Amino acid sequence: MKHRAVGAVLFGGGVLLLALAAGLVFVVKPAMTKLPYDLDPSTSVAEAKGATFLQITNGAVDIDQADLKSTILVTPERDKTAALSGDLAGDTVVWRVGQTVDRTDTKELVSAYGAELALDRVSGAAVEWNDQFLDDSGAPEKVSFAGQVYKFPFNAEQSNYEVFDRDLRQTRMAEFKGTEEIEGLETYRYEQVITDEKLPLPAERIALLLGALAPGATAGDIVYSNTRTVWVDPVTGSYIKVREQQKKVLTPNTGAPVTLLDADFVYNDETVTASADRAKSSRGQLAILGVWAPLALVVLGLALIVAALLFSRRPAPAAVGTHRAGTDPAPTRVDQPAVRDDERAAGPLTDEIPPASTNWRSEEPTVPLQRGTQGEAEKR
């Protein structure tokens, strides 16, 4: 009965451990493969050496050359995320993004923009949200963000993804180009190529540039090209490294084209290292909760179940003082000397003293002879 009780406890413990393992795999891990509500702000810095760029200072338009630094700050908007309703509630987060481009020599601001958008917590892709906007000219503009913007999906695949381009206000395909190790981390490399596409800029902005850089021209376009390469951690979908080879050219209807931007921006070493470290940390947590902890719980749970079955099948111990018939001889008195087989065959020892009250060979009582009195008895 006791063995059955112990077996039941072990079996129940094993089943509980298996249930916990299933909970980690099917509940906890999926919850972790989502953009968290309490994500800390993050900063990415890209640098462009010897860039050619448009500089507008106090209305004066000029083309300069210098090293540039681009800084992007991503800040989760927790209050706006909590205020989401309908289909967006629970599955979407709101991010505020700001970028500044500065000269590294004079620290002067070259350009800046700000944006707010909503992202799907699993795919990382932008979703429709009524309050999304983009401001790169001093006036917020309603923009329909779409595709991957600042993040790829968790468990990204070796396939192509639509990536949003801020200048075009549209998505263009980024093709998977292979794998590459960065800071000890295997990354997926995607490449988006934009070639000589016209930017959708307001007519007054183009007119300002034409008047300053192409006198005599009455119309023109800004032609944009960019080869954007993104190295992504496939497990978390986070950017490890980004490179953008940008070019913008003013093409007037009269006169020579003017290069407004020719810069090769790439994440600096500090940003790459920090991005890789964050990805490794997230990978480690996912591996522990999604693989190693469930595996350990399964092994321990199965061990308890096997132990429970063995305990249940184990026979109960025999009761103390009971023996199977015919297998246990009568016990020997501890106050009697042991008798060898050859002595037993030869008859009783002279020193043996039978009980005084019983004759083993007759029913009449006898009085045993005592040692030392035998001679006196014979004389009589």
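Residues numbered from 1 in each chain as written. Predicted model: local features only at pLDDT ≥ 70, side-chain atom pairs only at ≥ 80, totals over all residues. Heavy atoms only, no water.

An unreviewed UniProt entry lists the protein chain under the name DUF3068 domain-containing protein, from Micromonospora fiedleri.

A.B. asks: What is the right way to read the overall build of the protein chain from this model?
C.D. replies: Secondary structure summary: the protein chain contains six helices and twelve strands in total. For the protein chain, the residues scored as buried account for 34% of the 380 residues in total. Put simply, of all contacts in the protein chain between residues at least 6 apart along the chain, 60% involve residues at least 24 apart. For the protein chain, the accessible surface area stands at approximately 23000 Å², while carbon and sulfur atoms represent 55% of it. (Helix = DSSP H or I, 4+ residues; strand = E, 2+ residues; numbered from the N terminus. Buried < 20%, exposed > 50% of the residue type's maximum accessible area, 1.4 Å probe, protein only. Contact = heavy atoms within 4.5 Å. Areas by Shrake-Rupley, 256 points an atom, 1.4 Å probe, with all protein chains shown as cover.)

A.B. asks: Quick question: what am I supposed to make of the pattern of salt bridges here?
C.D. replies: Any two side chains of opposite charge can pair, given that their charged atoms come close. Counted by the stated rule, this structure contains 16 salt bridges. Between Glu 141 and Arg 169 there is a salt bridge, and its shortest N-O distance comes to 2.9 Å. Of this pair, Glu 141 sits in the loop between strand E6 (133–135) and strand E7 (161–165) while Arg 169 sits in the loop between E7 and strand E8 (170–182), and the two are 28 residues apart along the sequence. Of the charged contacts, one joins Arg 228 and Asp 165 as a salt bridge, the two residues approaching to 3.0 Å between their closest N and O atoms. One end of the pair, Arg 228, is in strand E10 (residues 220–232); the other, Asp 165, is in strand E7, with 63 residues separating them in the sequence. The pair Arg 228 / Asp 165 is uniform in exposure class, with both members buried. When salt bridges that share partners are traced, they join Glu 77, Lys 80, Arg 96 and Glu 116 into one network. (Salt bridge = Lys/Arg side-chain N within 4 Å of Asp/Glu carboxyl O.)

A.B. asks: Please clarify how the pairing of strand E2 (residues 60–76) should be interpreted in this entry.
C.D. replies: Side-chain direction in a regular strand flips from residue to residue, so the side chains alternate between the two faces of the sheet. Judged from the 14 bridges that link them, strand E1 (residues 42–57) and E2 form a sheet pairing that is antiparallel. Counterpart to Gln 55 in the pairing with E2 is Asp 62. Joining the antiparallel neighbours E1 and E2 is a turn of two residues, in which Asn 58 adopts a positive phi near 55°. In the sheet, E2 pairs with strand E3 (residues 92–103) via nine bridges, with the strands oriented antiparallel. Directly across from Ser 70, in E3, lies its bridge partner Val 101. (Pairing = 2+ DSSP bridges.)

A.B. asks: What's the story with unusual backbone geometry in this structure? I'm lost.
C.D. replies: Backbone geometry follows two general trends: most residues other than glycine have a negative phi, and most peptide bonds adopt the trans configuration. Positive phi outside glycine occurs at Asn 155, with the angle close to 55°. Of note, Asn 155 is situated in the loop between E6 and E7. One non-glycine residue, Glu 183, lies in the positive phi region at around 50°. As for its placement among the helices and strands, Glu 183 is situated in the loop between E8 and strand E9 (185–198).

A.B. asks: For this particular structure, what's the right way to read the side chain of Thr 229?
C.D. replies: Looking at the secondary structure, you find Thr 229 in strand E10. If we ignore the near neighbours within four places in the chain, the residues touching Thr 229 are Arg 189, Tyr 190, Glu 191, Lys 241, Val 242 and Arg 243.

A.B. asks: Sorry if this is basic, but what is going on with the pairing of E7 here?
C.D. replies: With four of its five residues buried, E7 lies for the most part within the structure. The pairing of E7 with E8 spans five bridges and is antiparallel. Residue pairing in the sheet places Asp 165 in a bridge with Gln 170 of E8. If you look at the hairpin formed by E7 and E8, you'll find four residues sitting between the two strands, and Arg 169 has a positive phi there, around 65°.

A.B. asks: So what exactly am I meant to see when it comes to the environment of Ala 174 here?
C.D. replies: Mapped onto the fold, Ala 174 is located in strand E8. Linking Ala 174 and Ser 159, residues 15 residues apart in sequence, is a C-alpha distance of 8.9 Å. Look past the residues within four positions of Ala 174 in its chain and what remains in contact with it is Asn 160, Tyr 161, Val 163, Tyr 190, Glu 191 and Gln 192.

A.B. asks: Quick question: what am I supposed to make of the packing of aromatic side chains here?
C.D. replies: In this description, a pair of aromatic rings is defined by centroid distance and the angle of the planes. A full pass over the atoms with the stated rule returns seven aromatic pairs. On the numbers, 5.1 Å between centres and 65° between planes, the contact of Phe 152 with Tyr 161 is edge-to-face. You can call Phe 152 buried: its relative accessible area is 1%. Using a relative accessible area of 13% as the deciding quantity, one classes Tyr 161 as buried. (Phe/Tyr/Trp six-rings, centres within 6.5 Å; stacked < 30°, edge-to-face > 60°.)

A.B. asks: I would appreciate a short explanation of helix H3 (residues 203–213) in the present structure.
C.D. replies: In an α-helix there are 3.6 residues to a turn, and that puts residues three or four apart on one side. Every buried residue of H3 is listed here: Ile 206, Leu 209 and Leu 210. The buried residues of H3 occupy an angular sector of 100° when the element is viewed end-on, so they sit on one face. Set apart from the buried face of H3 by more than 90 degrees, the exposed residues are Glu 204 and Gly 211. In this structure, the buried residues of H3 make contact with E1, E2, E10, strand E11 (239–252) and strand E12 (258–267). (Arc of directions from axis to C-beta.)

A.B. asks: Help me understand the nonpolar core in this model?
C.D. replies: Soluble globular proteins tend to pack their nonpolar side chains together in the buried interior. In this structure, Leu 68, Phe 152, Tyr 190, Tyr 239, Ile 240 and Phe 265 are the most contacted members of the largest nonpolar core, which totals 30 residues. With sequence-adjacent residues up to four places away left out, Tyr 239 is seen in contact with Val 149, Tyr 150, Lys 151, Phe 152, Val 230, Trp 231, Val 232, Tyr 267 and Ser 275. (Core = buried A, V, L, I, M, F, W, Y, C linked by side-chain atoms within 4.5 Å.)

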